[in-house]
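Coordinate analysis (summary)
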Amino acid sequence: MNMKDNLIEREIDIKKIENSQETYERNYWKNVFKKIFKDYRLYLMLIPMLFVFFCWRYLPMYELLSSFKVNLNGALKVSDQHFLGYNNFNTLLFGTYQEQFWQAFRNTFVISFYGLLFGFPIPIILALFFNEIKSNIYRGVLQVVTYLPKFISTVIITTLVWMLLSSPKISSGANASSGVVAQFLEFIGLVSKEDSISGIMYKPEYFRSIYIISGIWESAGYSSIVFFAAVIAISPTSYEAAQIDGAGKLDQMRYIVLPSILSTIVIMLIIRIGSLLSVGYEQIILLKSTYTNVTAQVMSTLALDLKDINVNLATVPEMINNITSMLLVIGANMISKKATDT
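Presented here is a report on the structure given in the accompanying data block. (Residues numbered from 1 in each chain as written. Predicted model: local features only at pLDDT ≥ 70, side-chain atom pairs only at ≥ 80, totals over all residues. Heavy atoms only, no water.)

**Here's the deal with the overall build of the protein**
Here is the rule: Strands are runs of DSSP state E lasting at least 2 residues, helices are runs of H or I lasting at least 4, and numbering of each runs from the N terminus. Partly exposed describes any residue whose relative accessible area lies between the buried limit of under 20% and the exposed limit of over 50%, with all areas from a 1.4 Å probe on protein chains only and scaled to the type maximum. We call two residues in contact when some of their heavy atoms are within 4.5 Å. Here, Shrake-Rupley sampling with a 1.4 Å probe gives the accessible areas, and only protein chains in the shown set may cover a residue.
The secondary structure content of the protein amounts to 18 helices and four strands. Expressed as a percentage of its 342 residues, the buried residues of the protein come to 33%. Put simply, of all contacts in the protein between residues at least 6 apart along the chain, 62% involve residues at least 24 apart. If you sum the accessible surface of the protein, you get close to 22,500 Å²; carbon and sulfur atoms cover 66% of it.

Pasting the structure below:
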């Protein structure tokens, strides 16, 4: 009897579960609309963001179809152009412009990789240092100083870089004079005297370092806000327990702070990898010259150069950039799930 009773109870439980699942599925959308109506103010705040994404992110995707087409009759609309298949890709990757493309692709990847390698840890280190400053006034002043470059125009930032490293003379044809930082680098032996006199801004071997360091200076402080918010959210009891166990500052950072903000670091890293090959053309154009084009030409500036030759061909570098970035994000997310469950 007991076995029969157990079987009957199990069947009743199974039927209850099935009925509850059917009820849930039947009322799924009803519950969704109830939740939306309950928090309708939050969803109203999403409308401007959705509008911006639709107009400046999704609508431009249609123009990427021009990379598969050719404009024979001067048509302004992509839909009026003739379909060409992968001919534009073959021309750029293996045809007339293959040397320029692979040079730009290599420069883009190298600049982005070094920027990620050296630029990503700096905001985390800044956030850890800010957390150790006990004076709110002193910490606030330092934070404002580090955030400030982000709110300065890119034109001003690059002008400062030119002035500090290599200030061109007004007279045409004259050699560039050394900037203050260039003279200091010459003094400590990192730059030769000849390079300093001729202007290190005109030397292709220095361009990547200049671009990466100026980018870190501009955005490191602002990027540390997210990590600092994650650090200050850690419970003080964790620090007190670690101090009782005899842990010093470095041990607290290693065993408490870093594990606590690991999920934030992973998420920001995935976002950063997604834009790994998206090197902005504004700062590149303002920093490069005809002498540094060998190491300064990237995918975005190549697209601008090709625009004057063939608009359809100019969309191919951006298409390749987008596809590569998407694959990098998917790969980084898969690795993250296996490594950190995030």
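That was the structure; now back to the text.
**So, the side chain of E218**
Definition in use: When charges are tallied, Lys and Arg are placed among the positive residues and Asp and Glu among the negative ones, while His and the ends of the chain are skipped. What makes a salt bridge here is a side-chain nitrogen of Lys or Arg within 4 Å of a carboxyl oxygen of Asp or Glu, nothing more.
In this fold, E218 is placed in helix 11 (residues 204-232). For the buried E218, no salt bridge exists, and the shortest N-O distance to an oppositely charged side chain is 5.5 Å, to K150. Among residues more than four places away in sequence, those in contact with E218 are P149, K150, I152, T154, I157 and Q283.

**Describing the environment of P123**
Residue position: P123 is located in helix 6 (residues 121-132). The class for P123 is buried, based on a relative accessible area of 5%. Along the chain, P123 and F227 lie 104 residues apart, while their C-alpha atoms are 7.3 Å from each other. With sequence-adjacent residues up to four places away left out, P123 is seen in contact with A220, S223, S224 and F227.

**Here's the deal with the nonpolar core**
Note the cut-off: Think of a nonpolar core as a cluster: buried Ala, Val, Leu, Ile, Met, Phe, Trp, Tyr and Cys residues, connected wherever their side-chain atoms sit within 4.5 Å.
Membership of the largest hydrophobic core comes to 26 residues, with the highest contact counts inside it found for V257 and I261. Only helix 6, helix 11, helix 12 (236-244), helix 13 (249-260) and helix 14 (262-274) provide two or more residues apiece to this core. Those residues in contact with V257 that lie beyond four places of it in its chain are L128, V231, I234, Y239 and Q252.

**Re the packing of helix 7 (residues 136-147) against helix 11**
Put simply, the test is: Here, axes are lines fitted to C-alpha atoms. For helices the fit covers the stretch in contact, and angles between N-to-C directions go from 0 to 180 degrees. Between 65 and 115 degrees an angle is taken as roughly perpendicular, under 35 as roughly parallel, over 145 as roughly antiparallel, and anywhere else as oblique. Residues are grouped as follows: nonpolar covers Ala, Val, Leu, Ile, Met, Phe, Trp, Tyr, Cys and Pro; charged covers Asp, Glu, Lys and Arg; every other residue, Gly included, is treated as polar.
Taken N-terminus to C-terminus, the directions of helix 7 and helix 11 make an angle of 130°; their axes are 7 Å apart at the nearest point. Considered as vectors, helix 7 and helix 11 are oriented oblique to each other. Across the interface between the two elements, R139, Q143, T146 and Y147 of helix 7 pack against G221, Y222, S224, I225 and F228 of helix 11. Here the residues of the contact of helix 7 with helix 11 sort into four nonpolar, four polar and one charged.

**Some words on the packing of aromatic side chains**
For the record, the criterion: Working definition: a ring pair exists when centres of Phe, Tyr or Trp rings (six-membered ring for Trp) sit within 6.5 Å. Plane angles under 30 degrees give stacked, over 60 give edge-to-face, the rest tilted.
Overall, the coordinates contain 17 aromatic pairs when judged by the stated rule. Both rings, one in F120 and one in F227, keep their centres 6.1 Å apart while their planes meet at 90°; by these two values the pair is edge-to-face. One end of the pair, F120, is in the loop between helix 5 (98-119) and helix 6; the other, F227, is in helix 11, and 107 residues separate them in sequence. The exposure classification of F120 matches that of F227, with both residues buried. Ring pairing ties together the aromatic residues F109, F113, Y114 and F118, which thus form one cluster.

What is shown is where atoms sit, not what they do.
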